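What follows is the residue order along each chain.
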Amino acid sequence: MHKREDLRNLAIIAHVDHGKTTLADAMLWQSGIFRANEQVAERVLDSLDLEREKGITIMAKNTAITYRGVKINIVDTPGHADFGGEVERTLNMVDGVMLLVDATEGPLPQTRFVLGKALAKGLPPIVVINKIDRPDRRLDQVLEEIYDLFIDLDATEEQLDFPVLYTNAKAGIALTDPNGQGQDLAPLFETILSAIPAPVYDPAAPLQFLVTNLEYSDYVGIIAVGKVVSGALRPGQDAVLIKRGETVGKARLSQVYTYEGLQRLSADVVQAGDIASVAGVPDVFIGDTIGDPEDPRPLPVITVEEPTIAMV
Ligand code: GDP
C-alpha cells in the first residue's frame, strides 16, 4: 500500500452557529489559495457575501485548501442525525474528523450522532474550541464536557488523546494554549497534517470510485461526487457502473473534477486517495461504484441504517 503524504481528507462536525463557515473561510484565505487567482477570490467572496446578506450561512460540501504543499479536503457533515445514510457516506471519504465546539455553549446533543459514528469507525479526532474571544467563554468546563461526551461514546484511549486547538475564527487565530498569543491558523494546519493520517491506497489496483453524492450541471448533466479509492480518474476514460455489486452499464467519463477552494475544477487526472467528481455516467446513484471495465471491483455497499440515538 502507498501513502499519499500530499493529501489529507477531513470531515468537520459542528453544531450550527459554532463557527464552521467562519473557520473554513479563514482557512481558505490563509492557505493562500486565492493569491494565484484574485478573480476567483472575488467571485467566491461575492457569493458568500450574498448568502450572508440573505441570512444563510453556506459551507460548500467540499472545500480544498493547500498548506505547505499538502492538499486538505474538508468535507461538511450534516449537522443532525439523518435517515439517508449521508453521515456514513461522508465519513467513508475521510481519514479523520474535526469537532468544532463553541467555547461558551459547549458540545450540543445534535452533533452526538455524527461524532459517535466517526469514533465507531476508528477515525482520529481533532477538537477545536472556537470563539475563545467571548467574555463568557468556559474553556475548562467545555473541555470537560467534550471528554465526557467522548467517554460516553466509547472513544478509544487513542481517540481520547485528541489534540485540542483554541480558535478565534473571526480573527483567523488558532492557539494550542488558550492563554497564549497567536497571529494565524498555522497551529491548526500543522495539527491537521500531524494528527490526520495520509490516505493509503494500492497503486496497482484498478479504478474504484465510490459515489457519495450527486450534483447537477446544465452543461454536463449529472455529476457523481466521491472518493477515488483506487486507480485514477481521467476524462475520456472507459468505465463501468456497478450497483449493489453488479455491473449494470458502460460509460465514458466526459469530465473529471477536483476541488480547489470552493471551486470545482476540471482535471486531467485524479489519483487514488483524493476526493473528486465525474460527469458522463448518466444512471449513476449514491452508493454506486464506478469501476474499471477490464476488472470491475465493487466497493462494499454502504448500509443505510437508522440512527439509534434519539435527537434531544
Ligand atoms: P456555522 O453555522 O457553524 O457555519 O457558523 P458561522 O461561521 O456562520 O458563525 C456563526 C456566528 O458566530 C457568526 O455570527 C460568526 O460571525 C460568529 N463567529 C464565528 N467564529 C467566531 C469567533 O471565533 N468569535 C466570535 N466572537 N464569533 C464568531
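Here's a quick rundown of the structure. Small disclaimer: the values here were computed from a predicted structure and weren't measured.

**A short note on the packing of aromatic side chains**
Working step 1: Throughout the structure, instances matching the rule amount to 3 aromatic pairs.
Working step 2: Ring centres of Y147 and F162 lie 4.8 Å apart, and the angle between their planes is 25 degrees; this geometry places the pair in the stacked category. Of this pair, Y147 sits in helix α5 (residues 139-152) while F162 sits in the loop between α6 (157-160) and β7 (164-168), placing them 15 residues apart in sequence.
Working step 3: Judged by its relative accessible area of 26%, Y147 falls in the partly exposed class.
Working step 4: Since its relative accessible area comes to 5%, F162 is described here as buried.
Working step 5: Each ring, one from F150 and one from F162, has its centre 4.7 Å from the other, and the planes form 45 degrees; the classification is tilted. Remark: F162 occurs in the loop between α6 and β7 and F150 occurs in helix α5; sequence separation between them is 12 residues. Residues F150 and F162 agree in their burial class; the two are buried.
Working step 6: Through a chain of ring-to-ring contacts, the aromatic side chains of Y147, F150 and F162 assemble into a single cluster.
Working step 7: Just above the ring of Y257 sits the side chain of R264; from NZ or CZ to the centre is 5.2 Å.

**What to know about the sheet that holds strand β14 (residues 246-252)**
In any sheet, the strands associate via hydrogen bonds between backbone groups, in a parallel or an antiparallel arrangement.
Working step 1: Pairing within the open sheet is antiparallel, and its 8 strands lie in the order β14-β13-β19-β10-β11-β18-β15-β16. On the outer flanks of this sheet lie β14 and β16 (263-266), each paired with one strand and no other. Taking the axes of each pair of neighbouring strands and ignoring which way they run, one obtains an average angle of 40 degrees across the sheet.
Working step 2: Bridge count between strand β13 (residues 238-243) and β14: 6 bridges; the pairing is antiparallel.

**Here's the deal with the sheet that holds strand β2 (residues 7-14)**
Working step 1: Reading across from one edge, β3-β4-β2-β5-β6-β7-β8 is the order of the 7 strands in this open sheet, with mixed pairing throughout. Looking at which strands have only one partner, the edges of the open sheet turn out to be β3 (62-67) and β8 (173-175). For this sheet the average axis-to-axis angle between neighbouring strands, irrespective of direction, equals 30 degrees.
Working step 2: Sheet contacts for α5: β5 (96-102), β6 (125-130) and β7; angle to β6, the most-contacted strand, approximately 150 degrees.
Working step 3: Sheet contacts for helix α7 (residues 186-195): β2, β3, β4 (70-76), β5, β6, β7 and β8; angle to β3, the most-contacted strand, approximately 100 degrees.

**What about the nonpolar core?**
Working step 1: L91, L115, I129, I146, F150 and Y166 are the most contacted members of the largest nonpolar core, which has 37 residues in total.
Working step 2: Setting aside chain neighbours within four positions, we find L115 in contact with I13, L99, L149, F150 and L153.
Working step 3: Counting residues in each nonpolar core, the second largest holds 25 residues, with A14, A26, L28 and L165 among its members.

**Quick notes on the site of the ligand**
Working step 1: Neighbouring residues of the ligand: 15 residues in total, closest D17, K20, T21, T22 and D133.
Working step 2: A distance of 2.7 Å is found between an oxygen atom of the ligand and a backbone nitrogen or oxygen belonging to D17.
Working step 3: Contact with the protein chains covers 80% of the free accessible surface of the ligand, which is 580 Å².
Working step 4: Element by element, the count of residues in the shell around the ligand is highest for helix α1 (residues 20-30), at 3 residues.

What counts and how
Residues numbered from 1 in each chain as written. Predicted model: local features only at pLDDT ≥ 70, side-chain atom pairs only at ≥ 80, totals over all residues. Heavy atoms only, no water. Phe/Tyr/Trp six-rings, centres within 6.5 Å; stacked < 30°, edge-to-face > 60°. Helix = DSSP H or I, 4+ residues; strand = E, 2+ residues; numbered from the N terminus. Buried < 20%, exposed > 50% of the residue type's maximum accessible area, 1.4 Å probe, protein only. Lys NZ or Arg CZ within 6 Å of the ring centre and 35° of its normal. Pairing = 2+ DSSP bridges. Axes fitted to C-alpha atoms, helices over the stretch in contact; angles between N-to-C directions. Contact = heavy atoms within 4.5 Å. Core = buried A, V, L, I, M, F, W, Y, C linked by side-chain atoms within 4.5 Å. Near = heavy atom within 4 Å. Polar contact = N/O pair within 3.5 Å; in protein donor to acceptor, adjacent residues only side chain to side chain. Areas by Shrake-Rupley, 256 points an atom, 1.4 Å probe, with all protein chains shown as cover.

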